[in-house]
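Chain by chain, the residues run as shown.
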Amino acid sequence: MGQRLDRFLSEALPDVSRTRIQALIREGHVRIAGGPSGGATIEDVKYRVKQGDCFELIVPPAAEPELNPEAIPLDVVYEDEDVIVIDKPAGLVVHPGAGQPDGTLVNALLAHCGKSLSGIGGVARPGIVHRLDKDTSGLMVAAKNDRAHRALAEQFADHGRTGEMARGYLALVWGAPSRPRGRIEAPIGRHPTSRTRMAVVPKDKGRFAATQWRLVESYGGTGKDAVASLIECTLETGRTHQVRVHLAHYGHPLVGDPLYGAGFKSKLKTLPEDLAGAISALDRQALHAAHLSFVHPGTGTLLEFNSDLPDDLAEIVRQFKQL
């Protein structure tokens, strides 16, 4: 007990995002149905859960999206009446937010799918069951109806621990690990001084996070002599910036990462001019969601998708191989 109400409810209701739960609390949709404060409406997301508290969350009907459909090109990998899988380009924001009211994947999906998108995610996130950072490219699935949304959200909340859902990333990092594979388990929370960054923090200040990794190949040497390497990562949890934070914590930040790899900019001076120029022009972290598998919410069939490195990352890898 003593846990924040928003965190308590987000863990109890994995198909509803924590941001959505916070909004519902502030709008007066949560009340204590039992316990010493029975009947009271709770509007404070930081309310501390007490022994014996029993909560009632009233989810209002999904509001009609107030977003404008936009004809933004989508690389559709798969689509049926329940789901749509797209290969997201770097630079495309997933859903509207502060400073980004339009021009997002959600706007593109509204234009492509119309009103068939699931409304569980709230007005700003119809159909969205997981996300990628703006500057991370790769595979994403969206739900086209509420039944599919619930089923997919359950799989993503489980992160493949008991099911067949899996997400795999390719990360181009500085240096190379000394072992062929491993697992990073370190809690992630908000950075103590920078609100735009996440960090590995003490257990009581963050959330459990675990990432499995495998060395694919190294460049310019091996082990401690390697200049860079390509690493395949599989997520056991889905924390914000997880791959980026864990690999930086492990001593191998992503190439081009402005938040977690800025201290490695001096590496560019040691590289051939063309390669250094390609990395400088990248303007994003070298991270690609290369694999996605999940059980289809309607048929029960396991669907698996793979995506090659996009051209910008493939060109940098090509040049690294020539070192």
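Just so we're clear, the structure is a prediction, and the values are computed from it rather than from any experiment. (Residues numbered from 1 in each chain as written. Predicted model: local features only at pLDDT ≥ 70, side-chain atom pairs only at ≥ 80, totals over all residues. Heavy atoms only, no water.)

Draft legend 1. Geometry of the pattern of salt bridges. Counted under the stated rule, the structure contains 13 salt bridges. A salt bridge links Glu232 to Arg214, with the nearest nitrogen and oxygen atoms 3.1 Å apart. Taken together, the positions of Glu232 in strand β11 (residues 228–235) and Arg214 in strand β10 (residues 210–219) put the pair 18 residues apart, joining distant regions of the chain. For Glu232, a relative accessible area of 31% puts it in the partly exposed group. Through salt bridges with shared partners, a single ionic network connects Arg131, Asp133, Arg244 and Asp257. (Salt bridge = Lys/Arg side-chain N within 4 Å of Asp/Glu carboxyl O. Helix = DSSP H or I, 4+ residues; strand = E, 2+ residues; numbered from the N terminus. Buried < 20%, exposed > 50% of the residue type's maximum accessible area, 1.4 Å probe, protein only.)

Draft legend 2. Seen up close, the UniProt feature "active site" (unreviewed entry) in the protein chain. According to UniProt, the "active site" (unreviewed entry) feature falls on Asp133. Dropping the residues within four chain positions of it, Asp133 is found in contact with Lys88, His241, Arg244 and Gln285. (UniProt positions renumbered as here; feature names shortened; annotations may be inferred. Contact = heavy atoms within 4.5 Å.)

Draft legend 3. Structural view of the domain arrangement of the protein chain. Per the domain assignment, the segments of the protein chain are domain 1 (5–57), domain 2 (62–158) and domain 3 (159–322). Once you take the C-alpha centre of each, domain 1 and domain 3 turn out to be 35 Å apart. (Domains from an automatic or database assignment.)

Draft legend 4. Region of interest: the nonpolar core. In this structure, Leu105, Leu109, Tyr169, Ala171, Cys233, Val243 and Leu247 are the most contacted members of the largest nonpolar core, which totals 28 residues. Secondary-structure elements contributing two or more residues to this core are β4 (83–88), α3 (105–113), β5 (137–143), β6 (166–174), β11, α5 (242–249) and β12 (287–295). Here this core takes 5 residues from α3, the largest share from any one element. Shared between two domains, this core takes at least three residues from each, and those domains are domain 2 (62–158) and domain 3 (159–322). Non-local contacts of Val243, meaning those with residues more than four positions away in its chain, are made with Tyr169, Ala171, Cys233, Leu235, Leu254 and Leu287. Within the second largest apolar cluster, 20 residues are counted, among which are Trp174, Leu230, Ala286 and Phe320. (Core = buried A, V, L, I, M, F, W, Y, C linked by side-chain atoms within 4.5 Å.)

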